[in-house]
Amino acid sequence: MKHVEVNFDGLVGPTHNYAGLSFGNVASLSNAKATSSPKSAAKQGLAKMKALHDMGMVQGVLAPQERPDIATLRRLGFSGSDGEVLSRAASQAPQIFQAVCSASSMWTANAATVSPGADTADGKVHFTPANLTNKFHRSLEPQTSGRILQAMFNNGRYFEHHTHLPDNEHFGDEGAANHTRLCSNYGHAGVEIFTFGRYAFDSSKPAPQKYPARQTFEASQAIARLHGLSDDNTVFIQQNPAVIDQGVFHNDVIAVGNQNVLFYHQQAFLDTEQKFAEIQRKFGDEPVHFIEVSSNEVSVEDAVQTYLFNTQLLTMQDGHMAIIAPTECQENPRVAAYLAELVTRNTPIRQVHYFDVKQSMRNGGGPACLRLRVALNDTELAAVNPAVLMNDELFARLNQWVDKHYRDELSVADLSDPQLLTESRTALDELTQILKLGSVYPFQL
Ligand code: SUG
């Protein structure tokens, strides 16, 4: 039986904008109120998906969410027709209004945590949508994420869907952005590494001082329990609070793993030596390549600015690995030199491919934020809704769809245009037909 790791990339939504909503995320704050381009953002994402498909990867698409989120505005007491709800919220509570317009569901590394069947007690692929409690605008995502994932992985024989964890800071969960799986082969039981920022029930333990730690130890443990993972294939490791305070709001900003490689910055974790010994012991006899980037080679500041670690590490058909990096890495001489040298070393990583995802980077989302990884065997892959899998036809169809519905430019002031709500719903309604998702959006239910 063949096993593959499929990347499901988030399609950028029609309201892609820069509202400065994410305290602790340097790019989001520094680009607040800049004018965005939803059309080029969506096309940059589609180009990356198509390029990976052309490289021989199985690539999928994950639909964006309905924004502006009128249902949430109603929950918050804004009433009248949809147009009235929109204009009342925009004039009376502009910050709440901007939050319900965020296109942040595009970063599907935060959509859910996924455990492949090779790791779970019942042999099914388990999904738990992330509750994203730390940011109001992101806490609006889990219900719709859950419905979209169910429409994509709609077969109870192979796929198990859980409800997101309780919506509370104690169980703050940011999904796969803080979860890496190492394995000798995608079909073999692997080591699932859960990285957390703080302990929710013990304030004596280390925690960042300046920026929030979005993921708790208790949330990571709950996910491992729900997914039926054993102690033999899980490791819980704390993020270094000092790097969270330098803008590393998710662990995937400072580390990335694939198969037998963990590529990480020297300052990424606490108790690194002891925890890496545990990873190696649970991984088995074959050595893990722990590729450490020292602060002398690349500073944490450069890592945060270029997203060197928010790269995708892909296993190519010849067994070697390629790094999918944002062009920001190519533009920084220190990081570019590091990557040029890395591919000449004796590690599985042999190629670097640069992609322009600047529209996403300006909100703090690199190539790895844009994708949710799901390792599947042949039978499971055959049970995935085929309409969400990338091919030449879907690529052309989605580009036409973007051309038809998306604006070239969007400023924060444009978000209260009632026409944008109509455009957004029309686009998403058509998208659910293209991707054969059924009714997943509040306006469709
Ligand atoms: O949660 N930015 C996202 C970026 C998420 C990146 N994902 C990963 N690292 N996996 C966040 O901070 C900014 C929205 C705004 O400011 O308009 C935002 O939500």
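For clarity, every value in this text was computed on a predicted model and none was experimentally measured. (Residues numbered from 1 in each chain as written. Predicted model: local features only at pLDDT ≥ 70, side-chain atom pairs only at ≥ 80, totals over all residues. Heavy atoms only, no water.)

### Describing helix H13 (residues 333-342)
Working step 1: The set of residues buried in H13 consists of Val-335, Tyr-338, Leu-339 and Leu-342. All buried residues of H13 fall inside an arc of 95° around its axis, so they share one side.
Working step 2: Contacts from the buried residues of H13 go to strand E10 (261-265), strand E11 (289-293), helix H11 (300-306), strand E13 (321-326), helix H12 (327-331) and strand E14 (349-355).
Working step 3: The N-cap residue of H13 is Asn-332: its side-chain oxygen and the backbone nitrogen of Arg-334 are 2.9 Å apart. (Buried < 20%, exposed > 50% of the residue type's maximum accessible area, 1.4 Å probe, protein only. Helix = DSSP H or I, 4+ residues; strand = E, 2+ residues; numbered from the N terminus. Arc of directions from axis to C-beta. Contact = heavy atoms within 4.5 Å. Polar contact = N/O pair within 3.5 Å; in protein donor to acceptor, adjacent residues only side chain to side chain.)

### Focus on the sheet that holds E11
Hydrogen bonds between backbone groups are what pair the strands of a sheet, and the pairing can be parallel or antiparallel.
Working step 1: Sheet architecture is open: three strands sit in the order E9-E10-E11, paired in mixed fashion. Both edges of this open sheet fall to strand E9 (255-258) and E11, since each of them pairs with a single strand only. Averaged over all adjacent pairs, the angle separating strand axes in this sheet is 10°, with direction ignored.
Working step 2: Sheet contacts for H13: E10 and E11; angle to E11, the most-contacted strand, approximately 155°. (Pairing = 2+ DSSP bridges. Axes fitted to C-alpha atoms, helices over the stretch in contact; angles between N-to-C directions.)

### Notes on the UniProt feature "active site" (unreviewed entry) in the protein chain
Working step 1: The sites that carry the UniProt feature "active site" (unreviewed entry) are, in the present numbering, Glu-174, His-250 and Cys-369. Despite a sequence span of 196 residues, these residues sit close together in the fold, their greatest C-alpha distance being 11.2 Å.
Working step 2: Relative to the assigned elements, Glu-174 resides in the loop between strand E5 (159-161) and strand E6 (179-182).
Working step 3: If near-sequence neighbours (up to four positions away) are discounted, Glu-174 is found in contact with Ala-109, Asn-110, Ala-130, Leu-132, Thr-133, Asn-134, Arg-214, Gln-215 and His-250.
Working step 4: Within the structure, the side chain of Glu-174 is placed 3.2 Å from the side chain of Arg-214, a separation counted as a polar contact.
Working step 5: Tracing the backbone through its elements, the reader meets Cys-369 in the loop between helix H14 (358-361) and strand E15 (371-377).
Working step 6: When neighbours within four sequence positions are excluded, Cys-369 is seen to be in contact with Met-106, Trp-107, Thr-108, Ala-109, Asp-252, Tyr-307, Asn-310 and Gly-364. (UniProt positions renumbered as here; feature names shortened; annotations may be inferred.)

### Things to note about the sheet that holds strand E2 (residues 59-62)
Working step 1: The strand order across the open sheet built from three strands is E2-E1-E15, with neighbouring strands paired in mixed fashion. Single-partner strands in this sheet number two, and they are E2 and E15. Within the sheet, the average angular offset between the axes of one strand and its neighbour, ignoring direction, is 30°.
Working step 2: Relative to E2, strand E1 (residues 3-10) runs parallel, the two sharing four bridges. Bridge pairing in E2 links Asp-9 to Val-61.

### Let's talk about the pattern of salt bridges
Working step 1: Summed over the entire model, instances satisfying the criterion amount to 28 salt bridges.
Working step 2: For Glu-328, the salt bridge goes to Lys-358, with nearest N and O atoms at 3.3 Å. One end of the pair, Glu-328, is in helix H12; the other, Lys-358, is in helix H14, and 30 residues separate them in sequence.
Working step 3: According to the relative accessible area criterion, Lys-358 is partly exposed, its value standing at 23%.
Working step 4: The partner of Arg-397 in a salt bridge is Glu-430, with the nearest N and O atoms 3.5 Å apart. Of the two residues, Arg-397 sits in helix H16 (residues 392-405) while Glu-430 sits in helix H17 (residues 418-434), which places them 33 residues apart along the sequence. (Salt bridge = Lys/Arg side-chain N within 4 Å of Asp/Glu carboxyl O.)

### Some words on the site of the ligand
Working step 1: Lining the immediate environment of the ligand, one finds 22 residues, of which Leu-21, Ser-22, His-137, Asp-252 and Cys-369 sit closest.
Working step 2: In this structure, Ala-19 approaches the ligand through a main-chain N or O atom, which is 2.9 Å from an oxygen atom.
Working step 3: In the environment of the ligand, an oxygen atom lies 3.1 Å from a nitrogen or oxygen atom belonging to the backbone of Gly-20.
Working step 4: Classifying every residue of the shell around the ligand gives eight nonpolar, eleven polar and three charged. (Near = heavy atom within 4 Å. Nonpolar A, V, L, I, M, F, W, Y, C, P; charged D, E, K, R; others polar.)

### Some thoughts on the pairing of E1
Working step 1: When you tally the buried positions in E1, you get six out of eight residues, the bulk of the element.
Working step 2: As defined by bridge partners, E1 adjoins E15 across seven bridges and the pair is classed as antiparallel. Among the inter-strand pairings, Asn-7 is bridged to a residue of E15, identified as Arg-373.

### Quick word on the packing of aromatic side chains
Working step 1: All told, the structure shown has 20 aromatic pairs when counted by the stated rule.
Working step 2: With centroids separated by 5.3 Å and ring planes inclined at 75°, the aromatic side chains of Phe-153 and Phe-159 adopt a geometry described as edge-to-face.
Working step 3: Classification of Phe-153 as buried rests on a relative accessible area of 1%.
Working step 4: Residues Phe-269 and Phe-276 carry aromatic rings whose centres are separated by 5.8 Å and whose planes lie at 70° to one another, so their mutual orientation is edge-to-face.
Working step 5: According to the relative accessible area criterion, Phe-269 is buried, its value standing at 8%.
Working step 6: Over the ring of Phe-395 we find Lys-50, and its NZ or CZ is 5.4 Å from the ring centre.
Working step 7: Sitting above the plane of the Tyr-199 ring, Lys-205 keeps its charged end 4.1 Å from the centroid. (Phe/Tyr/Trp six-rings, centres within 6.5 Å; stacked < 30°, edge-to-face > 60°. Lys NZ or Arg CZ within 6 Å of the ring centre and 35° of its normal.)

### Some details on the side chain of Asn-377
Working step 1: Tracing the sequence through the fold places Asn-377 in strand E15.
Working step 2: Within polar-contact distance, the side chain of Asn-377 engages the backbone nitrogen of Glu-380 at 2.8 Å.
Working step 3: Beyond its immediate stretch of four places on either side in the chain, Asn-377 contacts Met-1, Lys-2 and His-3.

### Focus on H16
Working step 1: Taking 1.5 Å of rise per residue, 14 residues should cover 20 Å, and H16 covers 20 Å from first to last C-alpha, within 8% of that figure.
Working step 2: Taken together, the buried positions of H16 are Leu-394, Leu-398, Asn-399, Trp-401, Val-402 and His-405. Buried residues of H16, seen end-on, are gathered within an arc of 160° and therefore sit on one face of the element. In H16, the exposed residues that point more than 90 degrees away from the buried face are Glu-393 and Lys-404.
Working step 3: The secondary structure elements touched by the buried residues of H16 are helix H2 (38-54), E2 and H17.
Working step 4: Two or three places before Glu-393, at the opening of H16, Asn-391 has a side-chain oxygen 3.1 Å from that residue's backbone nitrogen. (Expected span 1.5 Å × (residues − 1).)

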